[in-house]
Amino acid sequence: MQFFADTPLPDLAPFAGLRAEVRAFLAEERARAGIESWVGSWEGFDRGFSTRLAQRGWLGMAIPERYGGREKGLLERYVVLEELLAGGAPVAAHWIADRQTAPLLLHFGTEEQRRQFLPRIASGEYSFAIGMSEPDSGSDLAAVRTKAAPSGNGWRIDGAKIWSSNAHRADWMIALCRTGDTGEDRHGGLSQFLIDLKAPDIAIRPIHNLAGDHHFNEVFFDGHEIPADRIVGSPGDGWRQVMSELAFERSAPDRFLSTFRLIVELVRAAGPAPDRLVAGEIGALVARLAAVRLLSIQVAGALDRGGTPNTEAALVKEVGTALEQDTPEIARRILAETSAGDRAALIEDLLAYDVLHTPSFTLRGGAREVVRGIIARGLGLR
Amino acid sequence: MTGANADMAGSAFADAVRQALTPHATAYDGPADRALAWSDVHWQAVTALGLPKLLVPEAQGGAGAALAEGAAAIEALGALGDPSPAADTAVLSWLLARQGAEAPDGPLVPAEPGCRVPWPEDARAVDPAGNAAAPPDGQGGILLNGVPASPALPGAIDEFTPLRQAMAAARAVQIAGAAGAALEMTADYVRERRQFGRPLARFQAVQQHIAVAAAEVAAAAQMARAAFAALDRELDGDGPFLAAAAKVATGRAGTLAAKAAHQFHGAMGYTAEYPLHRLTRAIWQWREDCGNEDWWSRRLGAQVCRAGADALWPTLAGG
């Protein structure tokens with residue numbers, strides 16, 4: 001049982017100059033915000049940041065130039081993504097659009113949709129929310145009930161989506177809706193639609209998480225009418241589309257770098273000559289991080305070659321999110337013995353944020369048990 | 001079977017290793033009422049493959065294979081649970097050649113304090129600095145995977161040496177191979193074995209446990225291959241970051257794989273008759289060799305802290 005045994009690790013060394021530019025940009029942005037570190041990593045929603053990132057050419061990097069993108073490879077894009085996340089930058093305003101919507105429309109969208117949406121994703125103008133989960137359909141996406149029925153020249157949407165991060169701030173949602181019967185494999189009859197979240201008849205109700213933050217929303221569609229050209233691909237394509245989006249969602253560096261700023265501050269708190277127990281904890285953590293990053297880069301390489309490494313992406317998510325969940329526990333052990341010095345307030349903020357957000361790490365992008373089931377299928381166990 | 005040559009792709013050579021050595025590695029399967037060892041004919045097969053001088057440059061009489069290709073061959077050795085010092089000899093011959101020294105024929109073992117490794121009586125030794133050394137006297141009992149061990153050498157095991165670094169990367173690759181093979185054997189077994197009216201593979205509890213181990217092994221294997229491929233560069237660099245991470249990650253993942261493999265093979269997998277222990281005993285031995293995951297994680301952590309918080313990301317990202 002080997003993964004990527006015969007595949008050389010993609011070489012990111014050619015992008016060293018790009019890394020340096022992104023790091024310099026982030027230093028400028030931190031100075032602009034007057035902070036020494038962002039807390040909350042990719043959940044920070046800052047349209048200004050996204051716009052400035054786009055101006056530097058680091059948004060829509062995988063979008064062809066004719067649609068306003070930079071037409072770069074997925075590996076070059078990967079370097080920018082991991083630099084942004086390792087820096088803890090506030091990327092939420094553009095993250096979903098750049099990660100999922102752009103490849104979705106590139107692969108499945110009409111020419112008109114690509115012309116309308118892709119340039120505005122690449123410029124940071126359009127922010128997208130995900131519309132997959134429903135009150136009765138969390139990890140079990142095949143159970144989606146929100147209905148899209150032909151109506152006049154378009155579609156009429158009835159139902160509700162839930163856990164849609166930043167739907168209250170985003171411009172558009174990609175909503176997975178039922179347009180027909182499930183069929184025998186339960187995967188039929190689903191289609192995705194582009195929905196304008198600014199429409200007045202869409203109700204968006206905030207759901208605060210246990211940390212008191214408002215990212216989640218429930219979004220209600222009560223006979224919401226959309227034009228015919230807002231369907232992505234053909235009716236019934238939804239399941240295939242969602243699965244291809246999830247390969248991007250599950251293998252990206254946001255599946256193992258969520259707690260990276262805390263790790264950095266732990267190293268700072270440990271000082272240059274930590275005792276052997278602290279050194280051992282840090283070494284074990286860094287080894288896991290280094291390993292999952294390489295696996296993630298392999299998946300990026302496979303995606304770049306046009307593959308659909310769904311099992312491999314699930315491997316990244318399994319290992320990466322376990323690491324993320326362990327980080328605050330390891331931090332607690334280290335900090336029980338170590339004074340954080342002049343960064344004490346920052347490290348407390350980072351630790352509190354990570355402790356309060358750990359439950360989400362193994363839920364978003366598919367619950368851990370579902371992800372393990374995908375791995376098991378890839379191993380021929382089901 | 002012809003020996004290795006530099007034109008042979010890593011995967012093709014790994015196939016050759018599998019083909020040539022499977023009969024020898026599996027010859028140790030079965031009742032374990034004796035200490036295992038490698039036979040002369042086994043070592044002859046290792047030699048015929050060109051493994052001992054695989055990584056030695058052609059100008060110095062070797063096959064001149066790249067380290068990445070060597071990793072593929074060593075992973076294949078690991079997947080067989082091959083107990084011979086074939087990997088040790090390949091790595092140590094390379095290390096000697098790197099020092100400008102000529103690698104002697106026959107099996108080579110590391111003479112490193114705190115490193116107890118397979119110990120053929122006719123072995124030559126390499127010292128911690130990577131130089132040919134006189135073989136230490138005697139033997140030191142039996143290793144966990146059933147082979148005669150080198151004697152326990154006195155000396156400090158506080159710091160890593162080029163030898164320890166190179167051997168750790170090699171063992172990491174071997175563990176990755178053995179862990180992958182143990183999980184493969186387990187996946188095959190749970191598909192066949194029926195209990196409660198259905199194959200074990202149909203139970204979610206079984207699926208999930210194997211999936212977790214497979215994910216850790218997949219990540220650790222990447223780390224091990226990358227560390228081995230980068231050995232030359234890293235031996236000249238600031239410290240063994242990749243080699244250390246590889247030994248830590250594979251030690252952890254190998255442990256999980258062995259645990260899952262035994263759990264689902266039930267009592268059958270715990271018997272001497274069943275070939276699983278060829279892989280799991282190898283994992284348990286190799287994770288100890290030349291620094292276990294705790295030893296290496298402390299060195300890695302110390303190195304990371306010495307470099308400072310702001311160097312962590314550049315180190316991980318390779319620049």
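Note that this is a predicted model, so its numbers are computed, not measured.

Criteria and cut-off values
- Residues numbered from 1 in each chain as written.
- Chains lettered and ligands numbered in written order.
- Predicted model: local features only at pLDDT ≥ 70, side-chain atom pairs only at ≥ 80, totals over all residues.
- Helix = DSSP H or I, 4+ residues; strand = E, 2+ residues; numbered from the N terminus.
- Rg over C-alpha atoms; globule rule 2.2 N^0.38 Å.
- Buried ≥ 20, exposed ≤ 12 C-beta atoms within 10 Å, placed from the backbone.
- Contact = placed C-beta atoms within 7 Å.
- Domains from an automatic or database assignment.
- Nonpolar A, V, L, I, M, F, W, Y, C, P; charged D, E, K, R; others polar.
- Core = buried A, V, L, I, M, F, W, Y, C linked by C-beta atoms within 7 Å.
- Pairing = 2+ DSSP bridges.
- Axes fitted to C-alpha atoms, helices over the stretch in contact; angles between N-to-C directions.
- Expected span 1.5 Å × (residues − 1).
- Parallel < 35°, antiparallel > 145°, perpendicular 65-115°, else oblique.
- Left-handed = near helix turned anticlockwise from the far one by under 90°.

A. Examining the overall build of chain A more closely. Counting its secondary structure elements, chain A contains 11 helices and eight strands. Relative to a compact globule of 382 residues, whose C-alpha radius of gyration would be 21 Å, chain A shows 21 Å and is just as compact. Buried positions account for 53% of the 382 residues belonging to chain A.

B. Inspection of the overall build of chain B at higher detail. Each helix and strand in chain B was counted, giving 11 helices and five strands. Relative to the compact-globule value of 20 Å for 319 residues, chain B shows a C-alpha radius of gyration of 19 Å, a close match. A sequence separation of at least 24 residues applies to 72% of the contacts in chain B between residues at least 6 apart.

C. Expanded view of the domain arrangement of chain B. Residues and elements named next belong to chain B. Each assigned domain of chain B is listed here: domain 1 (10-133) and domain 2 (168-317). Once you take the C-alpha centre of each, domain 1 and domain 2 turn out to be 20 Å apart. Listed by partner, the interface residues are 24 residues for domain 1 and 22 residues for domain 2. Put simply, the parts of the chain that give the side of domain 1 that touches domain 2 at least two residues each are helix 3 (67-80) and helix 4 (86-98). Of the residues forming the side of domain 1 that touches domain 2, the biggest block, 10 residues, is contributed by helix 3. The residue makeup of the side of domain 1 that touches domain 2, split by class, is 16 nonpolar, five polar and three charged.

D. Focus on unusual backbone geometry. All names here are of chain B. Positive phi outside glycine occurs at F196, with the angle close to 55 degrees. As for its placement among the helices and strands, F196 is situated in the loop between strand 4 (194-195) and strand 5 (198-199). Although it is not a glycine, C290 adopts a positive phi angle of roughly 55 degrees. If you trace the backbone, C290 turns up in the loop between helix 9 (276-286) and helix 10 (293-307).

E. Region of the structure containing the interface of chain B and chain A. Contact residues are listed per partner, giving 46 residues for chain B and 51 residues for chain A. Counting only elements with at least two residues in the side of chain B that touches chain A, the list comes to helix 5 (162-192), helix 6 (204-229), helix 8 (241-269), helix 10 and helix 11 (309-317) of chain B. Considering only residue class, the side of chain B that touches chain A consists of 29 nonpolar, 10 polar and seven charged.

F. Representation of the nonpolar core within the structure. Core analysis: the biggest nonpolar cluster contains 238 residues, and L183(B), M223(B), A227(B) and A245(B) have the highest contact counts within it. Ranked by the residues each element gives to this core, the list is headed by helix 5 of chain B, at 19 residues. Apart from residues lying up to four places away in sequence, A245(B) is in contact with V286(A), A287(A), A290(A), A291(A), M223(B), A227(B) and L300(B).

G. Just the sheet that holds strand 2 (residues 124-126) of chain B, in detail. Residue and element names in this part refer to chain B. The strand order across the open sheet built from three strands is 1-2-3, with neighbouring strands paired in mixed fashion. The sheet terminates laterally at strand 1 (108-110) and strand 3 (132-133), the two strands that pair on one side only. Taken together, the two bridges between strand 2 and strand 3 define a ladder with antiparallel strand orientation. Within strand 3, the position partnered with V126 by the bridge is A132. Here helix 4 sits on the sheet in contact with strand 1, strand 2 and strand 3, set at roughly 80 degrees to strand 1.

H. Structural view of the environment of R230(A). Residues and elements named next belong to chain A. Topologically, R230 is positioned in the loop between strand 7 (214-227) and strand 8 (231-232). It is 21 Å that separates the C-alpha atoms of R230 and H187, two residues lying 43 residues apart in sequence. If near-sequence neighbours (up to four positions away) are discounted, R230 is found in contact with W155, F193 and L194.

I. Expanded view of helix 6 (residues 238-251) of chain A. Residue and element names in this part refer to chain A. Taking 1.5 Å per residue as the helical rise, helix 6 with its 14 residues ought to reach 20 Å, and the 20 Å between its terminal C-alpha atoms agrees with that figure. With 10 of 14 residues buried, helix 6 lies mostly within the body of the structure. Considered for burial, the residues of helix 6 that qualify are G238, W239, Q241, V242, E245, L246, A247, F248, R250 and S251. Contact partners of the buried residues in helix 6: helix 4 (92-108), strand 4 (172-178), strand 5 (190-196), strand 8, helix 8 (276-304) and helix 9 (310-335).

J. Region of interest: the pairing of strand 5 of chain A. Residues and elements named next belong to chain A. Counting buried residues along strand 5, six of its seven residues qualify, which places the element largely inside the surrounding structure. In terms of strand pairing, strand 5 meets strand 8 through two bridges, oriented antiparallel. Bridging from a neighbouring strand, Q192 pairs with V232 of strand 8.

K. Structural context of the domain arrangement of chain A. Residues and elements named next belong to chain A. The domain architecture assigned to chain A consists of domain 1 (13-126), domain 2 (130-237) and domain 3 (252-378). Look at where the C-alpha atoms of domain 1 and domain 3 centre, and you get two points 22 Å apart. Facing 16 residues of domain 1, the contacting portion of domain 3 comprises 16 residues. No other element matches the seven residues that helix 3 (residues 74-86) contributes to the side of domain 1 that touches domain 3. Across the side of domain 1 that touches domain 3, the residue classes break down as eight nonpolar, five polar and three charged.

L. Molecular detail of the pairing of strand 4 of chain A. All names here are of chain A. Strand 4 sits mainly inside the fold: seven of its seven residues count as buried. As paired elements, strand 1 (residues 128-131) and strand 4 share four bridges and run parallel to each other. Residue G131 lies in a different strand from strand 4, and its bridge partner there is A175.

M. Expanded view of the packing of helix 7 (residues 260-270) of chain A against helix 10 (residues 344-361) of chain A. All names here are of chain A. For the pair helix 7 and helix 10, the least separation of the axes is 10 Å and the interaxial angle reads 140 degrees. One finds that helix 7 runs oblique with respect to helix 10. The hand of the helix 7/helix 10 crossing is left-handed. Two secondary-structure elements touch here, helix 7 through R261, L262, E265 and A269 and helix 10 through L346, I347, L350, L351 and D354. When its residues are assigned to classes, the contact of helix 7 with helix 10 shows six nonpolar, no polar and three charged.

N. Focus on the packing of helix 5 of chain B against helix 9 of chain B. Residues and elements named next belong to chain B. Packing of helix 5 against helix 9 brings their axes to within 9 Å, and their N-to-C directions diverge by 150 degrees. One finds that helix 5 runs roughly antiparallel with respect to helix 9. Handedness of the helix 5/helix 9 crossing: left-handed. Two secondary-structure elements touch here, helix 5 through R171, Q174, I175, A178, A179, A181, A182 and M185 and helix 9 through L276, L279, T280, A282, I283 and W286. Here the contact of helix 5 with helix 9 is composed, by residue class, of 11 nonpolar, two polar and one charged.

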